[in-house]
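Chain by chain, the residues:
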Amino acid sequence: MTDPKQPSPTEKLSEVERVKRASLGLRGQVAEQLASPDPFDDAHYQLLKFHGTYQGYDRDSATERKQRGEDKAWEFMIRARIPGGKLTAQQYLELDHLAVRYGAGSLRVTTRQTIQFHAVVKGDLKATIAGINDTLLTTLATCGDVVRNVTTSPAPIADAKHRRLQDDARLLSTELLPTSRAYHEIWLDEEQVAGRTEAEPDPLYGERYLPRKFKIGIATPDDNVVDVLTNDLGIVALWEGDTLVGYNLALGGGLGMTHNKPKTYPRLATPLVFIGPDDLLKGTRAVVELQRDHGDRGDRRHARLKYLVDDRGLPWIKATLEQYFGSALEDARPMPRFQIKDHTGWHEQGDGRFYYGLSIPSGRIKDRDGVQFRTALRRIVETFAPTPILTPTQDILFADLPNNARAKLEAILVEHGVALPQSFTQAARWALACPALPTCGLALNEAERIREPLIARIDAALATAGLANEKLSIRITGCPNGCARPYAAEIGIVGRTATDYALFLGGDFEGTRLNRRIFDRIHLDRIAETLAPIFQAYAEERETGEAFGDWANVQTDDRLRSLTGKLAA
Ligand code: SRM
Ligand code: SF4
């Protein structure tokens, strides 16, 4: 019988597939090229991702440097693996220390509950990755064609449900790591096997790993803060009281697309099958194996599970999944309507202790512009030794606090100029933005750096329409890849050109419906004024309790455009 992890002689393969196979279990020449002062070559740029780092350059200075005849300012982004976003106080302090030493004093909370370091120079790459490992975290498989960091509800409620969600995220994240020791040899000085000609066997990933990145999120219907349906595999845990009934597996979520390429598109995962409480790892493996063996390895733009699901259809996917699982699978069970919980501010954990959720605009923890964000967070962790938990909304929760921590903790924030959650408008509190320029090599336009002024202008437009402090989700990205999940928001603002953004409307706050492109190109300076008459009409026409996204969803594209005086996208 042929091994499905091996390519068939007729299979068309992308260049990255060749790089993976030739890498001897992700080794390639990473160690040799690391020792050279030159940047990594293209093949190793790809391999490095599996080790958790991206080689890029400072895009702000690139043009000037070129004019001066200088090379780009090469630098690295490093991403840690933090299942469910949960750290210990000691780990947080050590990550903070590494950020100061190697990462320009910045920690960036991501939309998948991890920390990214930016601006690490090549000479510090190994020390930073080793330092992250010293904290008992890893960067292995945080990028690349593997199962990524597993996300889940961050709420540290002391009950069976929340403990189980965290345990499940850790279980899947750990069990689905690649088995190659390359990472340990290159970054942690583990002794190498002399004269190695074959990679160590990896029963899940083989030599070729997966066709593309693979994302898993775990939610419960009463807290979908992870946007579970945007994952390749969205797992919804179903409970009756304190008893876990089982899990619905939703397949084929993913948001990346390319402007003007309709064959690429965002998709929400389809709830397909139900598995029992003891089958989580087995069921998850079956889905990963299905994508491993049948995903498109010829065209990376068509390689995510979502395209396989649409190309083959749900009956084929279910029947094939049953083969990997080894028995018939029950259809997904009905689920209640999803909700999203606001974890900012003070909350009781249920064990006499409290957690405090702090909004971090764009997840950027850094001292700048008179706000000593990083220093304040460090002081809080040093003072109270809480359990820090990163959220999929780029925020942080400090758990396990005594009630008497309140005044002192808030005083530390105020003293360092950090805004308390209650000072944010709802729009600002829920807004997400990806890093985009200057660190992201794919950015067409700004996101993180324009988030605050843009949200302020949108807030002003809301206020003019009588909607001050309306709760709605706004997500901004510098390109259509969708890193801040803009297509699952009520308002998605997506980098289109160096000056313009596409505007998407009509998603829902709970992340169960995609929005749609209403305007293809709007100048940054005109986004708020474009939204203003739409807000006005919503304020006049909405039914009691009707959310902005739900109202926009039932308007036609032409109606929404004509409100702004524009008749075309
Ligand atoms: Fe992402 C690529 C940042 C969550 C879809 N993403 C990138 C890269 C690595 C750019 C690159 O490939 O050169 C970005 C690094 C920028 C920088 O300067 O740091 C990047 N993605 C991020 C983060 C940091 C955004 C954030 O604001 O936090 C998130 C890190 C998550 C993590 O900790 O692992 C991040 N990316 C997402 C999400 C949201 C999610 O998973 O919940 C998505 C949409 C869901 C999805 O996967 O479809 C997402 N990122 C992409 C894509 C499009 C994938 C596709 O199928 O087409 C790319 C580009 C690619 O893979 O080719 C991408
Ligand atoms: Fe970069 Fe685009 Fe992702 Fe933003 S959405 S981080 S610009 S890849």
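Provided above is the structure to which this section pertains.
Residues numbered from 1 in each chain as written. Chains lettered and ligands numbered in written order. Predicted model: local features only at pLDDT ≥ 70, side-chain atom pairs only at ≥ 80, totals over all residues. Heavy atoms only, no water.

Colleague: Which residues make up the packing of aromatic side chains, and what values do they have?
Modeller: Under the defined criterion, the tally for this structure stands at 13 aromatic pairs. Judged by centre distance (5.3 Å) and plane angle (65 degrees), the rings of Phe 535 and Phe 548 are edge-to-face. Of this pair, Phe 535 sits in helix α16 (residues 527-541) while Phe 548 sits in helix α17 (residues 548-553), and the two are 13 residues apart along the sequence. Like Phe 548, Phe 535 is buried. Members of the aromatic cluster, connected to one another through ring pairs, are Phe 535, Tyr 538, Phe 548 and Trp 551. (Phe/Tyr/Trp six-rings, centres within 6.5 Å; stacked < 30°, edge-to-face > 60°. Helix = DSSP H or I, 4+ residues; strand = E, 2+ residues; numbered from the N terminus. Buried < 20%, exposed > 50% of the residue type's maximum accessible area, 1.4 Å probe, protein only.)

Colleague: I'd like a rundown of the site of ligand 2, residues and numbers included.
Modeller: Around ligand 2, the structure places Cys 434, Pro 435, Ala 436, Cys 440, Leu 442, Ala 443, Thr 477, Gly 478, Cys 479, Asn 481, Gly 482 and Cys 483. Partitioned by chemical class, the residues of the shell around ligand 2 number eight nonpolar, four polar and no charged. (Near = heavy atom within 4 Å. Nonpolar A, V, L, I, M, F, W, Y, C, P; charged D, E, K, R; others polar.)

Colleague: How would you summarise the site of ligand 1 if you had to cite specific residues and measurements?
Modeller: Around ligand 1, a shell composed of 29 residues is seen, among which Thr 110, Thr 114, Leu 255, Thr 439 and Cys 483 lie nearest. In the model, an oxygen atom of ligand 1 is placed 3.4 Å from a nitrogen or oxygen of the Gly 256 main chain. In this structure, an oxygen atom belonging to ligand 1 sits 2.6 Å away from a side-chain N or O atom of Thr 439. Elements represented by at least two residues in the shell around ligand 1 include exactly β2 (74-79) and β4 (115-120). Of the residues assigned to the shell around ligand 1, the class counts are ten nonpolar, eleven polar and eight charged. (Polar contact = N/O pair within 3.5 Å; in protein donor to acceptor, adjacent residues only side chain to side chain.)

Colleague: Describe the side chain of Arg 112, naming the residues involved and giving the relevant values.
Modeller: Checked against the element boundaries, Arg 112 lands in the loop between β3 (107-109) and β4. One buried charged residue, Arg 112, remains without a salt bridge, the closest side chain of opposite sign being Asp 232 at 7.1 Å. Separated by 2.9 Å, the side chains of Arg 112 and Asn 231 make a polar contact. Residue contacts for Arg 112: discarding those within four places in its chain leaves Asn 149, Thr 151, Lys 215, Ile 216, Gly 217 and Asn 231. (Lys, Arg positive; Asp, Glu negative; His and termini not counted. Salt bridge = Lys/Arg side-chain N within 4 Å of Asp/Glu carboxyl O. Contact = heavy atoms within 4.5 Å.)

Colleague: Mind laying out the packing of helix α9 (residues 280-294) against helix α11 (residues 314-325), listing which residues take part and the relevant values?
Modeller: Where α9 meets α11, the closest approach of the two axes is 9 Å, and the angle between their N-to-C directions is 115 degrees. In this structure, α9 crosses over α11, and the sense of that crossing is right-handed. Taking contact as the criterion, the partners of Lys 282, Gly 283, Ala 286, Val 287, Glu 289, Leu 290, Asp 293 and His 294 in α9 are, on α11, Trp 316, Ile 317, Thr 320, Leu 321, Tyr 324 and Phe 325. Residues belonging to the contact of α9 with α11 are distributed by class as follows: eight nonpolar, three polar and three charged. (Axes fitted to C-alpha atoms, helices over the stretch in contact; angles between N-to-C directions. Left-handed = near helix turned anticlockwise from the far one by under 90°.)

Colleague: If you had to explain the coordination of the iron atom of ligand 1 to someone new, which residues and values would you point to?
Modeller: Note on metal geometry: ideal angles are 109.5 degrees for four donors arranged tetrahedrally and 90 or 180 degrees for six donors arranged octahedrally. What the protein offers the iron atom of ligand 1 as a donor is a single atom, Cys 483 (SG), at 2.3 Å. Along the chain, the position of Cys 483 falls in the loop between β19 (474-477) and β20 (491-495). (Donors = N, O, S within 2.8 Å, 3.2 Å for Na, K, Ca; no water.)

Colleague: I'd like a description of unusual backbone geometry, backed by residues and values.
Modeller: Of note, the amide linkage connecting Leu 437 to Pro 438 takes the cis form, showing an omega dihedral of 10 degrees. In this model, Leu 26 sits at a positive phi of 75 degrees, which is unusual for a non-glycine residue. Taking relative accessible area as the criterion, Leu 26 reaches 2% and is therefore assigned buried. Here Ala 141, not a glycine, exhibits a phi torsion of approximately 60 degrees, which is positive. By the secondary structure assignment, Ala 141 is in the loop between α6 (122-134) and β5 (151-152).

Colleague: Outline the environment of Leu 397, listing residues and values.
Modeller: Tracing the chain through its elements places Leu 397 in strand β17 (residues 396-401). Look at Leu 397 and you get buried, because its relative accessible area is 1%. Remark: the alpha-carbon pair of Leu 397 and Asp 310, spanning 87 residues in sequence, is separated by 38 Å. Ignoring anything within four residues of it in the chain, the contact list for Leu 397 reads Pro 154, Ala 155, Pro 156, His 343, Tyr 355, Tyr 356, Gly 357, Thr 387, Pro 388, Ile 389 and Thr 391.

Colleague: Account for the packing of helix α10 (residues 305-312) against α11, with residues named and values stated.
Modeller: Two elements in contact, α10 and α11, have axes whose closest approach is 6 Å; the angle formed by their N-to-C orientations is 110 degrees. In terms of their interaxial angle, α10 and α11 are classed as roughly perpendicular. Counting all contacts with α10, which are made through Leu 308, Val 309 and Arg 312, the residues of α11 involved are Leu 314, Trp 316 and Ile 317. When its residues are assigned to classes, the contact of α10 with α11 shows five nonpolar, no polar and one charged. (Parallel < 35°, antiparallel > 145°, perpendicular 65-115°, else oblique.)

Colleague: Could you give an account of helix α4 (residues 59-67), naming the residues involved and the relevant values?
Modeller: Of the residues flanking the start of α4, the one acting as N-cap is Asp 58, its side-chain oxygen 3.2 Å from the backbone nitrogen of Asp 60. One or two positions beyond α4, positive phi appears at Gly 69, with a value near 75 degrees.

Colleague: Any chance you could break down the sheet that holds β5 for me, citing the residues and the numbers?
Modeller: Taken in spatial order, the six strands line up as β5-β6-β7-β8-β9-β10 in an open sheet, and their pairing is mixed. Looking at strand neighbours, the two that pair on one side only are β5 and β10 (330-331), the edges of this open sheet. Bridge count between strand β7 (residues 233-240) and strand β8 (residues 243-251): eight bridges; the pairing is antiparallel. Within β8, the residue paired with Ala 237 across the bridge is Tyr 247. Of the strands in this sheet, β5, β6 (216-219), β7 and β8 touch helix α7 (residues 160-175), which is tilted by about 170 degrees from β6. (Pairing = 2+ DSSP bridges.)

Colleague: With reference to specific residues and values, describe the pairing of strand β9 (residues 270-275).
Modeller: Here β9 lies mainly inside the structure; five of its six residues are buried. In this sheet, β9 lies alongside β8 in antiparallel orientation, the contact comprising five bridges. In the sheet register, Ala 250 faces β9, and the bridge partner there is Pro 271. Note: β9 against β10, two bridges, orientation antiparallel. For Phe 274, the partnering residue across the bridge sits in β10 and is Glu 330.

Colleague: Now, about the nonpolar core: what can you tell me, with residues and values included?
Modeller: If you look at the biggest cluster of nonpolar residues, it comprises 94 residues, and the most contacted ones within it are Phe 117, Leu 251, Leu 377 and Leu 413. Ranked by residues supplied to this core, first place goes to helix α5 (residues 89-102) with seven residues. In this structure, Leu 467, Leu 472, Trp 551 and Leu 560 belong to the second largest nonpolar core, which totals 43 residues. (Core = buried A, V, L, I, M, F, W, Y, C linked by side-chain atoms within 4.5 Å.)

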